[in-house]
Every structure is written in structure tokens, then in C-alpha cells.
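Inside the fold
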Amino acid sequence: MSALVWVGRSVFAIIWGAMLANIVWPFPGKGFPLFLILLFILVTLHLLQLLMFATVYREHIQWRRGDYWQIIFFGVVGWLAIVQDQPHRQQRD
């Protein structure tokens, strides 16, 4: 599953790169508004996921400050990375 997390992070990095490139260098034609709408949807969905995961699993999982950013940037893939890292976190504490 570790490889799947890295593949998912890579895919999201490419998606974020395309969305941010649209802001810096606007795509011609109807590409610019389309990618702005997609960026808004992506940010909204990831913030909604963060809200859901943080409220439901706050007591069950050890959270770190960077975990919030993982969910915002990578969505469910970030959540899988957090869950996958839990046994290591419990051994350290």
C-alpha cells in the first residue's frame, strides 16, 4: 500500500501543478474558467474531507500538525498515509 500512496501523491502533485499553472499562466479559451472551477471544487472537497476525518477520528488516531496539510493537499491518499503510519507513531510515543 505504500507504493499506492506514493503514486496517489504523485498524481495529486500533477493535478495541483496544472491547477496552479492555470492561475500563473492562464490557459487559452475555455480552459481558464474550467480549471478555476475545478480548483475550487478540489479545495472544497479536500476541506470537507479534512473536516470529516478530523471530527470523526480525532480520538482514535494520533494527529500531527502536518497531517492536516496532507489531507488538504492529497485528500483520501493523505488519509491513507496517516492511517498507514499509525503503528510507527504508537511505537515512538
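The present account deals with the structure reproduced in this document. Counting of residues starts from 1 at the beginning of each chain's written sequence and follows it residue by residue. With pLDDT at 70 or above as the cut-off, local features in this predicted model cover only qualifying residues; side-chain atom pairs require 80 or more to be listed or tallied, and sums for whole chains, interfaces and linings still use all residues. Side-chain figures throughout are based on the complete set of non-hydrogen atoms in the structure, without hydrogens or water.

A few points about the side chain of Asp 67
Structurally, Asp 67 is set in helix α3 (residues 65-74). The term polar contact refers here to a pair of N or O atoms within 3.5 Å; inside protein, the definition further demands a hydrogen-donor-capable atom paired with an acceptor-capable atom, and it admits residues adjacent in sequence only when both atoms are side-chain atoms. In this structure the side chain of Asp 67 is engaged in a polar contact, spanning 2.9 Å, whose partner is the backbone nitrogen of Arg 64. We count a stretch as a helix when DSSP gives it H or I for four or more residues in a row; a strand needs E for two or more, and each element gets its number in order from the N terminus.

As for the environment of Phe 53
Structurally, Phe 53 is set in helix α2 (residues 31-57). In this scheme, a residue with accessible area under 20% of its type's maximum is buried, one over 50% is exposed, and one in between is partly exposed, where area comes from a 1.4 Å probe on protein chains only. The exposure class of Phe 53 is buried, given its relative accessible area of 13%. Remark: the alpha-carbon pair of Phe 53 and Pro 26, spanning 27 residues in sequence, is separated by 34 Å. Two residues form a contact once any of their heavy atoms are found within 4.5 Å. Residues contacting Phe 53, with those up to four places away along its chain left out, are Arg 58, Trp 63, Ile 71 and Trp 79.

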